[in-house]
Amino acid sequence: TEARTRIAPGQTGLEVVAWQVTDDGPRFAEALRRYTAPAVAAADELALRRNGFILAAVREPDIDALRDALGGSALDVRTWLGTATTWRELASVPVGDALVEVDGVARERPGALARIMARSWPVSMEDGTRIAVDLVPQLVRGEEESSLLRNANRLSGTVVTSCAAAIELQRGAAWLLTCDPGGFVETDADAAERARDAASREGPPAPAPAGASGKIGARIVTLGAATLLAAPERSGAPSRRTVLLLVPHLGGSAFPDETAPQ
């Protein structure tokens, strides 16, 4: 699937690119090693990792090469956010019956949506214009919490501030956000059935541990996997993850491109 928003020449603002790539741990790690660039963002990297997120800077000229190194993507959706000083939705996925783990605590969240929210605006600096981006994941339930109009300036629901990130996108650099597929665990329903049958033959079943859901085949996912794992691993099919790229456009900024030929 390919969808592109037309961007007029000379615009300043943020473009968001969405891919879906087949997960291959070694290949993914090698692609990031080759194409990520040193950069600093105001974010708690440990909290992001603990909650199943991966955030890294990428050299903008290498974006196509990165996609190829990841094995290509059947999905290439490009959305122009421009300047968005109110919160916008970058990704939104129904949680379903999964237990979602946030900051180490897994809970049932029936009817919830896991979302990545962002806002963005240009900032003039002494060395040129940059695109400032605020990112934060959240969990919302019901129309009142999920309404983008009602909550455009102040997010509602469960806002996971431990995973919030503030990024300044410079010319020539983009930022990648994806998930760690290892944050998805699905119990073996058949094994659970066998254990229950064996226990019934041997006598009354032991009481369930405190906090156990009692579900057979229950899923436990990190917030990152709940939001950006496009398809979990199945028998004979590897997992697929969504990759979001935040790409700055600074053609209309007040400062010239210092890398342009004179």
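This text follows the structure it describes.
Here goes a summary of the coordinates provided. Please read all numbers here as calculations on a predicted model, not as lab measurements. (Residues numbered from 1 in each chain as written. Predicted model: local features only at pLDDT ≥ 70, side-chain atom pairs only at ≥ 80, totals over all residues. Heavy atoms only, no water.)

Let us now look at the overall build of the protein. When helices and strands are tallied, the protein shows 6 helices and 17 strands. When each of the 262 residues of the protein is scored for burial, the buried share is 39%. Once local pairs closer than 6 in sequence are excluded, the contacts in the protein between residues at least 24 apart make up 78%. Accessible surface, the protein: about 14100 Å² in total, of which carbon and sulfur atoms supply 50%. (Helix = DSSP H or I, 4+ residues; strand = E, 2+ residues; numbered from the N terminus. Buried < 20%, exposed > 50% of the residue type's maximum accessible area, 1.4 Å probe, protein only. Contact = heavy atoms within 4.5 Å. Areas by Shrake-Rupley, 256 points an atom, 1.4 Å probe, with all protein chains shown as cover.)

What follows deals with the environment of leucine 169. On the secondary structure map, leucine 169 appears in strand S12 (residues 165-169). Put simply, leucine 169 and alanine 132 are 37 residues apart on the chain and 6.2 Å apart in space, counted from C-alpha to C-alpha. The contacts of leucine 169, once residues within four sequence positions are left out, are Leu14, Arg130, Ile131, Val133, Ala174, Trp175, Leu246 and Pro248.

The next thing to look at is the packing of aromatic side chains. Using the criterion set out here, one finds 0 aromatic pairs in the structure. Sitting over the ring of phenylalanine 28, arginine 241 keeps its end group 3.6 Å from the ring centre. (Phe/Tyr/Trp six-rings, centres within 6.5 Å; stacked < 30°, edge-to-face > 60°. Lys NZ or Arg CZ within 6 Å of the ring centre and 35° of its normal.)

In this structure, Leu90, Leu135 and Leu246 are the most contacted members of the largest nonpolar core, which totals 39 residues. Aside from chain neighbours lying at most four places away, what touches leucine 246 is Leu14, Glu15, Val16, Leu90, Val133, Leu135, Ile167, Leu169, Ala174 and Trp175. Counting 17 residues, the second largest nonpolar core, distinct from the first, contains Val17, Ala31, Ile54 and Val58. (Core = buried A, V, L, I, M, F, W, Y, C linked by side-chain atoms within 4.5 Å.)

Counted according to the given criterion, the structure contains 12 salt bridges. For arginine 78, the salt bridge identified is with aspartate 76, shortest N-O distance 3.2 Å. Aspartate 134 serves as the salt-bridge partner of arginine 119, at 3.1 Å between the closest nitrogen and oxygen. One end of the pair, arginine 119, is in strand S9 (residues 112-125); the other, aspartate 134, is in strand S10 (residues 128-141), with 15 residues separating them in the sequence. (Salt bridge = Lys/Arg side-chain N within 4 Å of Asp/Glu carboxyl O.)

Attention shifts here to the environment of cysteine 179. Mapped onto the elements of the fold, cysteine 179 is located in strand S13 (residues 173-179). Here the alpha-carbon distance between cysteine 179 and alanine 226, two residues 47 residues apart in the chain, equals 8.8 Å. Among all residues touching cysteine 179, those that are not within four sequence positions of it are Gly52, Phe53, Ile54, Gly224, Ala225, Leu228, Leu229, Arg241 and Thr242.

A word on the pairing of strand S7 (residues 99-102). In this sheet, strand S8 (residues 105-108) lies alongside S7 in antiparallel orientation, the contact comprising 4 bridges. Counterpart to glutamate 101 in the pairing with S8 is alanine 106. As consecutive antiparallel partners, S7 and S8 are separated by 2 residues, and within that stretch aspartate 103 has a phi angle of approximately 55 degrees, a positive value. (Pairing = 2+ DSSP bridges.)

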